Protein chains: 2
Amino acid sequence: MQKWGIIFNVNTPPAQKAAFPGMIAGFEAIVGKTHVITDAAGMEGFLREPRDLFHGNALCVVRPGSTQEVAAVLKLCHETAIPVVPQGGNTGLVGGQIPGAGGGAIVLSLTRMRRLREIDPASNTMTVEAGMVLAAAQEEASRADRLFPLSLGAEGSCTIGGNLATNAGGINVIAYGSARDLVFGLEVVLADGRILSDLSKLKKNNTGYDLKNLFIGSEGTLGIITAAVLKLFPKPRAIETAFIGLATPRAAFALLDLARDMAGGEITSFELIPRIGLDFVLAHISNAREVLSSRHAWYVLLELRSQSKEGLADRLLAVLEAARANHIIGDAAIAASLDQRENFWKLRELIPEAQRHEGGSIKHDVSVPIADIPDFLDEVSRAVIQAIPGARLVPFGHLGDGNIHCNISQPVGAGKQAFLARWDEINAIVYKSVLVRKGSISAEHGIGQLKRDLLPQVKDKVAMELMRAIKQTLDPKGILNPGKVL
Amino acid sequence: MQKWGIIFNVNTPPAQKAAFPGMIAGFEAIVGKTHVITDAAGMEGFLREPRDLFHGNALCVVRPGSTQEVAAVLKLCHETAIPVVPQGGNTGLVGGQIPGAGGGAIVLSLTRMRRLREIDPASNTMTVEAGMVLAAAQEEASRADRLFPLSLGAEGSCTIGGNLATNAGGINVIAYGSARDLVFGLEVVLADGRILSDLSKLKKNNTGYDLKNLFIGSEGTLGIITAAVLKLFPKPRAIETAFIGLATPRAAFALLDLARDMAGGEITSFELIPRIGLDFVLAHISNAREVLSSRHAWYVLLELRSQSKEGLADRLLAVLEAARANHIIGDAAIAASLDQRENFWKLRELIPEAQRHEGGSIKHDVSVPIADIPDFLDEVSRAVIQAIPGARLVPFGHLGDGNIHCNISQPVGAGKQAFLARWDEINAIVYKSVLVRKGSISAEHGIGQLKRDLLPQVKDKVAMELMRAIKQTLDPKGILNPGKVL
């Protein structure tokens with residue numbers, strides 16, 4: 001047992017210690033020897049996440065190849081009280097996919113389960129396994145002349161299972177909703193290994209409780225999603241993208257209101273960008289180019305899509321002309337080529353990457369009722385700068401959904417560690433302004449480990465009681481992703 | 001106790017008998033004497049439903065005026081194990097809102113709680129109490145230049161609380177989703193009187209489990225919805241409606257596919273109508289007028305809406321021309337006036353009313369994957385006519401959602417009672433074709449009493465186990481709408 005010294009600690013339940021190392025043999029018997037990883041080097045990639053905020057330990061990494069294998073692994077873990085941490089592409093930002101440092105859990109990696117089980121373009125559905133990478137799902141849909149609209153920064157490596165477990169958001173939520181809204185049916189393995197088989201293609205089905213939405217967004221704490229029936233859409237026949245300069249978030253909100261009224265169903269993205277975010281990208285990202293000749297304090301990236309090939313550019317122009325006539329916007333450009341469109345998007349999507357070159361950054365993924373965003377940004381900005389003079393606010397993101405990534409870069413020349421040491425204090429300032437507006441401290445990234453202790457402070461007491469009761473009902477031994485969410 | 005002889009039977013729990021009549025005084029103390037109805041005549045309207053399939057008994061009808069009163073009533077019922085049957089506009093079609101015949105329960109009528117608590121057009125939200133009538137909610141939205149898109153036959157009397165408890169559907173689901181999709185936040189009173197207060201206006205909020213969707217569609221068996229934050233939309237600036245004649249459901253499906261590709265986001269209704277349904281309406285409804293000069297076996301009512309005032313008629317015309325060029329449709333008319341549009345809708349919406357004049361009718365509210373609808377209708381039609389020669393199939397409804405109301409009128413001249421006596425047999429024929437396609441036996445009406453015994457036969461075994469476990473967790477004494485759903 002020498003080899004496993006790091007894994008067992010005082011918190012490891014005795015039953016588990018006794019069961020080990022028979023456990024490893026048990027997992028190998030289920031998934032095959034090559035799919036159980038036990039060496040430290042092999043496990044390392046599953047125990048750290050990209051931002052390196054969380055680093056865990058595990059008994060082993062188990063990589064099942066089928067739903068039946070997942071069920072057998074869960075049955076074994078349930079019998080022996082071994083905790084299970086499900087993991088997809090390991091791109092989550094709140095530590096939900098990383099086991100605790102104490103060890104004793106297994107990481108259940110779903111990435112081998114990446115099959116397209118079926119695509120049914122006529123019914124606009126696609127049945128995929130949890131380990132399929134989001135970009136691959138987008139491509140499968142595209143091959144069938146359909147759109148799967150979920151789209152976010154990590155799409156090249158995050159998986160559908162992770163997207164659903166965390167109810168992922170992204171840049172198209174304003175038109176198509178979050179991950180939750182893109183699912184018709186689910187297959188889920190429960191804590192004790194039972195398989196819930198609800199791979200329905202139905203748009204309407206009022207036969208009992210909505211179990212699907214209980215698992216979506218539960219971050220692997222109530223069951224392991226192994227497959228899903230996803231909603232597809234016709235491929236848009238026209239896309240028009242504008243990059244718009246304006247003076248304030250209030251003007252951006254007025255533009256949103258106008259655009260919704262004039263082009264409602266066609267708005268697929270409405271992203272807010274502060275000038276400083278643009279400056280960061282222009283300074284640090286190769287080939288990023290300035291769009292407008294005049295300088296503005298804020299920008300909006302507005303994208304419209306339509307099934308009609310004709311007329312969309314005219315409708316976008318009409319929105320921009322009305323906005324200019326009403327003194328809402330300063331200047332605007334419409335992308336005239338795919339290359340220009342790509343540049344517009346680069347200026348939005350690479351803000352987090354560019355921000356890394358500007359020293360320490362304290363991040364927030366918050367939402368408030370949409371109309372409250374301008375006041376919220378004013379208030380947070382004042383309070384943060386009062387606390388840390390010179391701190392640089394870079395609030396950007398999904399204004400159309402009320403969801404702003406309110407990231408704050410350190411003052412120029414300040415010490416990175418000294419700035420990051422004030423993480424909790426700055427969090428508290430931002431969350432105060434969020435909560436007074438009945439906003440959310442996690443709009444799209446989830447709770448995971450990062451915000452677990454905060455949750456009871458901000459959530460309705462009865463909601464917490466219900467969540468705990470449901471957790472107890474579905475996972476009475478507490479083996480599913482312990483230490484996350486609750 | 002003589003007076004209450006009808007109410008108590010051998011099934012009434014002893015604790016409850018002992019508690020009564022102190023109970024009535026208890027309810028009166030909470031909601032006021034005038035809001036507790038105990039006389040048979042006063043209660044009658046709450047104990048029967050429109051189709052008269054279900055007739056129940058109750059201790060009394062309690063009409064609370066606030067969430068606090070609902071909570072106090074529930075607390076009392078929980079302590080004394082008195083069952084509670086929540087009721088809104090009493091328009092449900094599956095008996096969910098009617099107590100059992102054994103008596104012993106109270107009807108909790110929410111219709112006094114009909115306040116608009118807040119409307120926030122800037123954030124596109126509206127907070128209403130459960131007892132607000134759907135049409136009133138539509139009007140409140142309209143007054144603020146917004147659209148609340150839920151729309152269905154009973155909208156003049158059904159309530160928001162009932163709509164949410166049953167996850168109502170209707171004629172705009174293809175564009176805006178079911179009731180579930182139109183809710184940001186909920187206020188719910190739990191079985192023991194605790195109040196879950198989650199009246200969030202947020203579009204994005206990933207802080208823990210999705211409790212909201214557990215209550216929506218649970219038909220009052222997990223909690224009593226007392227208020228909701230509803231989603232609003234900009235009012236459409238253009239509406240175009242076409243009445244289209246075609247040969248088969250397969251052609252209707254091809255038209256849907258084409259229309260989605262050419263006008264996707266703008267389709268707000270796509271309703272299928274068989275010629276016989278049209279004949280029934282023309283025969284029995286005053287002022288209903290034939291639309292097309294040529295006769296067709298099937299019709300589609302297609303409605304598009306847009307935020308752009310310009311161009312929608314052209315886009316509808318382009319769809320119809322492409323469909324005609326591809327020999328998908330026979331003839332079509334576009335409504336040139338509000339009066340014509342109203343006539344188009346009358347031909348669709350009054351089919352159930354007209355059908356009443358044609359003798360007995362056996363009804364089904366089913367869904368299958370959209371692409372399977374043509375085969376499904378062929379198969380059901382053959383099987384029903386084989387079983388009952390001369391039976392007249394009137395399948396109509398929401399083709400765009402895969403949801404057909406597959407209603408069957410008796411043969412001309414046959415005995416009504418003899419026909420209705422074969423209800424279960426005909427159900428079995430229809431459900432067989434539904435289930436082989438993994439369809440739903442209740443697309444939008446719910447389970448209630450009508451389909452409760454059927455549910456375990458058609459639902460995934462693990463799903464049933466989970467539903468029972470959740471019911472046990474949220475309502476351990478089983479006082480919430482007993483005998484419904486589970």
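Here's what I pulled together on the structure shown here. Computed from a predicted model, the values in this text were never measured in an experiment. Along each chain, residues carry numbers from 1 onward, in the same order as the chain's sequence is written. Chain letters start at A and ligand numbers start at 1, both assigned in the order the entries are written. This being a predicted model, a pLDDT of at least 70 is required before a residue's local features are given, and a value of 80 or more before pairs of side-chain atoms are given or counted; all residues contribute to the totals for chains, interfaces and linings. Neither water nor hydrogens contribute to the side-chain values; these are computed over all heavy atoms in the structure.

### So, the interface of chain A and chain B
Throughout, a residue-residue contact means that at least one pair of heavy atoms, one from each residue, lies within 4.5 Å. Opposite the 84 residues of chain A that make contact, chain B presents 84 residues. Carbon and sulfur atoms make up 55% of the surface buried where chain A meets chain B, a total of about 6400 Å² over both sides. Of all residues in chain A, Lys204, Asn206 and Tyr209 of chain A bury the most surface against chain B, accounting for 16% of the area lost on that side. The rule for a salt bridge is simple: a side-chain nitrogen of Lys or Arg has to be within 4 Å of a carboxyl oxygen of Asp or Glu. Taken together, the connections running from chain A to chain B amount to 14 salt bridges. Notably, a salt bridge pairs lysine 204 of chain B with aspartate 401 of chain A, separated by 4.0 Å at the nearest N-O pair. A 3.5 Å cut-off defines polar contacts: any pair of N or O atoms within that distance qualifies, except that in protein one atom must be a possible hydrogen donor and the other a possible acceptor, and neighbouring residues in sequence count only when both atoms are side-chain atoms. The interface formed by chain A and chain B contains 43 residue pairs in polar contact (both at pLDDT 80 or more). Top element by residues in the side of chain A that touches chain B is helix H18 (residues 461–474) of chain A. It accounts for ten residues. Buried area is a sum: the accessible area each of two parts loses on coming together, probed at 1.4 Å, counted once for each and added. Helix numbers and strand numbers start at the N terminus; a helix is a DSSP run of H or I with at least 4 residues, a strand a run of E with at least 2.

### Focus on the nonpolar core
We define the nonpolar core as a collection of buried residues of types Ala, Val, Leu, Ile, Met, Phe, Trp, Tyr and Cys that are connected through side-chain atoms lying within 4.5 Å of one another. Burial here depends on accessible area, computed with a 1.4 Å probe over protein chains only, as a share of the maximum for the residue type. Under 20% is buried, over 50% is exposed, and the range in between is partly exposed. Formed by 84 residues in total, the largest nonpolar core has its most connected members in Phe148 and Phe215 of chain A together with Phe148 and Phe215 of chain B. Setting aside its immediate chain neighbours within four residues, phenylalanine 215 of chain A contacts Leu186, Val188, Leu190, Leu196, Leu222, Gly223, Ile225 and Leu474 of chain A together with Leu466 of chain B.

### Some thoughts on the pairing of strand E5 (residues 116–120) of chain B
Where E5 of chain B meets strand E6 (residues 125–129) of chain B, four bridges bridge the pair, whose relative direction is antiparallel. Across the sheet, the residue bridging to glutamate 118 of chain B is threonine 127 of chain B, located in E6 of chain B. Any two strands with at least two DSSP-identified bridges between them are counted as paired.

### Overview of the environment of threonine 268 of chain A
Residues and elements named next belong to chain A. Assignment of secondary structure puts threonine 268 in strand E13 (residues 267–274). With relative accessibility at 2%, the residue threonine 268 sits in the buried group. Note: C-alpha distance between threonine 268 and proline 149 (119 residues apart in sequence) is 9.5 Å. Beyond its immediate sequence surroundings of up to four residues, threonine 268 is in contact with Ile171, Asn172, Ile174, Ala175, Tyr176, Glu303, Leu304 and Arg305.

### Remarks on the sheet that holds strand E3 (residues 84–87) of chain A
Working definition: the strands of a sheet are paired by backbone hydrogen bonds and lie parallel or antiparallel to each other. Residue and element names in this part refer to chain A. An order of E1-E2-E4-E3 is seen for the four strands of this open sheet, with the pairing classed as mixed. Two strands in the sheet have a free side with no partner beyond their single neighbour: strand E1 (36–37) and E3. In the sheet, strand E2 (residues 60–62) pairs with strand E4 (residues 106–109) via three bridges, with the strands oriented parallel. Of the residues in E4, the one forming a bridge with valine 62 is leucine 108.

### A short note on the packing of helix H9 (residues 249–263) of chain B against helix H11 (residues 312–325) of chain B
Residue and element names in this part refer to chain B. Angular values range over 0 to 180 degrees, each being the angle between N-to-C directions of two axes fitted as lines to C-alpha atoms, with helices fitted over their stretch in contact. Between H9 and H11, the shortest axis-to-axis distance is 10 Å and the interhelical angle comes to 140°. The orientation of H9 relative to H11 falls into the category oblique. Judged by the sense of rotation from one axis to the other, the crossing of H9 with H11 is right-handed. Residue-level inspection shows Leu255, Leu258, Ala259, Met262 and Ala263 of H9 in contact with H11, the latter providing Ala318, Val319, Ala322 and Ala323. Oblique is the label for every angle not falling under 35 degrees (roughly parallel), over 145 degrees (roughly antiparallel), or within 65 to 115 degrees (roughly perpendicular). With the far helix as reference, a near helix turned anticlockwise by less than a right angle produces a left-handed crossing, and one turned clockwise produces a right-handed crossing.

### What about the side chain of glutamate 219 of chain B?
Along the chain, the position of glutamate 219 of chain B falls in the loop between helix H8 (212–215) and strand E10 (224–231). Put simply, glutamate 219 of chain B is tucked away with no salt bridge, and the nearest opposite charge, on lysine 484 of chain B, sits 8.0 Å away. A polar contact of 2.7 Å, which involves the side chain of glutamate 219 of chain B, links it to the backbone nitrogen of isoleucine 447 of chain B. Other than its neighbours up to four places away in sequence, glutamate 219 of chain B contacts Asn206 of chain A together with Val94, Ala165, Gly446, Ile447, Gly448, Asn481 and Val485 of chain B. For the purpose of counting charges, residues Lys and Arg are taken to be positive, whereas Asp and Glu are taken to be negative. His and the chain ends are not included.

### Concerning the sheet that holds strand E9 (residues 195–198) of chain A
Residue and element names in this part refer to chain A. One open sheet holds the five strands; their spatial order is E5-E6-E10-E8-E9, and the pairing between them is antiparallel. A strand with exactly one partner marks an edge of an open sheet, and here the two such strands are strand E5 (116–120) and E9. Going across the sheet, the axis of each strand differs from the next one's by a mean of 15°, ignoring polarity. As paired elements, strand E8 (residues 183–189) and E9 share four bridges and run antiparallel to each other. Bridge pairing links valine 189 to isoleucine 195 in E9.

These figures come from the coordinates and say nothing about function on their own.
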